[in-house]
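# Per-entry structural report
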Amino acid sequence: DARVTQTPRHKVTEMGQEVTMRCQPILGHNTVFWYRQTMMQGLELLAYFRNRAPLDDSGMPKDRFSAEMPDATLATLKIQPSEPRDSAVYFCATGLSSETQYFGPGTRLLVL
Amino acid sequence: RKEVEQDPGPFNVPEGATVAFNCTYSNSASQSFFWYRQDCRKEPKLLMSVYSSGNEDGRFTAQLNRASQYISLLIRDSKLSDSATYLCVVTTPQGGKLIFGQGTELSVKP
């Protein structure tokens, strides 16, 4: 049963520290999405890639967030420097199209 | 105005009840429509797609009214295991992105 893998599952860090979250897409999936979920805002799209090329990162704060796909088996989302308001669950989702997305288990981030 | 709006919930219903969720979307050019389910502290999972002709999957029935920009989900004979948050989702007109509603929480009680 193929699944999207995300690491770490939980992260507690102090304000100002760099945070790196990783996602391993399901083999063969060429579309990767990064979402952030909070109680107040719900599920928000931060960025997405197709065939490793960034297509849209308009939902991402550019000054501190960056998303990359160094290869087809790894997507990363970095926050530098982190702030308490970044505390959320970050989901990676992958698929063969935008309409069929399989979500990973998420990274629960707490910035103190 | 949010692009996708849902009933605020929570819905607390007894086992066996029929419950309906509603959702409206603001962009008339939206292309595709879905319901996702999210269990507590878990990731969202696709429940079903929604078509203009309406579609049914067991106890679940989804309807789309493009003229009113309205989507619904009906759950019949609700089970304890149906307790979750139900997310209404639409794609952007270009089809590239999913826009999620805030979700409606359902709690089915014995």
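For the structure given in this document, a descriptive report is provided here. (Residues numbered from 1 in each chain as written. Chains lettered and ligands numbered in written order. Predicted model: local features only at pLDDT ≥ 70, side-chain atom pairs only at ≥ 80, totals over all residues. Heavy atoms only, no water.)

Take the interface of chain A and chain B next. Buried accessible area, meaning the area lost when the parts come together, often serves as the stated size of an interface. With 20 residues of chain A in contact, the opposing surface of chain B contributes 15 residues. Across the contact surface, chain A and chain B share one salt bridge. When the shortest N-O distance is used, the salt bridge between Lys97(B) and Asp56(A) registers 2.9 Å. Between chain A and chain B we count five residue pairs in polar contact (both at pLDDT 80 or more) in total. With four residues, the single largest contributor to the side of chain A that touches chain B is strand 5 (residues 42–50) of chain A. Tallied by class, residues from the side of chain A that touches chain B come to ten nonpolar, seven polar and three charged. (Contact = heavy atoms within 4.5 Å. Salt bridge = Lys/Arg side-chain N within 4 Å of Asp/Glu carboxyl O. Polar contact = N/O pair within 3.5 Å; in protein donor to acceptor, adjacent residues only side chain to side chain. Helix = DSSP H or I, 4+ residues; strand = E, 2+ residues; numbered from the N terminus. Nonpolar A, V, L, I, M, F, W, Y, C, P; charged D, E, K, R; others polar.)

Attention shifts here to the sheet that holds strand 7 (residues 65–71) of chain A. All names here are of chain A. One open sheet holds the four strands; their spatial order is 1-3-8-7, and the pairing between them is antiparallel. Each edge of the open sheet is held by one strand with a lone partner, namely strand 1 (5–7) and strand 7. Adjacent strand axes in the sheet meet at a mean angle of 20 degrees, parallel and antiparallel pairs treated alike. (Pairing = 2+ DSSP bridges. Axes fitted to C-alpha atoms, helices over the stretch in contact; angles between N-to-C directions.)

For any two aromatic rings, the description comes down to two numbers: the centre-to-centre distance and the angle of the planes. In total, this model carries eleven aromatic pairs over all chains according to the counting rule given. Between Phe91(A) and Phe103(A) the ring centres are 6.0 Å apart and the planes differ by 80 degrees, which places this aromatic pair in the edge-to-face class. Residue Phe91(A) is found in strand 9 (residues 88–95), and its partner Phe103(A) is found in strand 10 (residues 102–103); the two are separated by twelve residues along the sequence. For Phe103(A), a relative accessible area of 7% translates into the label buried. Taking 6.1 Å as the distance between ring centres and 80 degrees as the angle between the ring planes, the aromatic pair formed by Phe103(A) and Tyr36(B) counts as edge-to-face. (Phe/Tyr/Trp six-rings, centres within 6.5 Å; stacked < 30°, edge-to-face > 60°. Buried < 20%, exposed > 50% of the residue type's maximum accessible area, 1.4 Å probe, protein only.)

Next up on the list: the pattern of salt bridges. What the rule picks out here adds up to ten salt bridges over all chains. A salt bridge links Glu83(A) to Arg85(A); the nearest nitrogen and oxygen atoms lie 2.5 Å apart. Where Arg76(B) meets Glu56(B), a salt bridge forms, and the shortest distance between an N and an O atom there is 3.5 Å. Of the two residues, Arg76(B) is situated in the loop between strand 8 (70–75) and strand 9 (84–91) and Glu56(B) in strand 6 (residues 55–57); the sequence distance between them amounts to 20 residues. With a relative accessible area of 27%, Arg76(B) lands in the partly exposed category. Using a relative accessible area of 58% as the deciding quantity, one classes Glu56(B) as exposed. One network of salt bridges, in which partners are shared, links Arg64(A), Glu83(A), Arg85(A) and Asp86(A).

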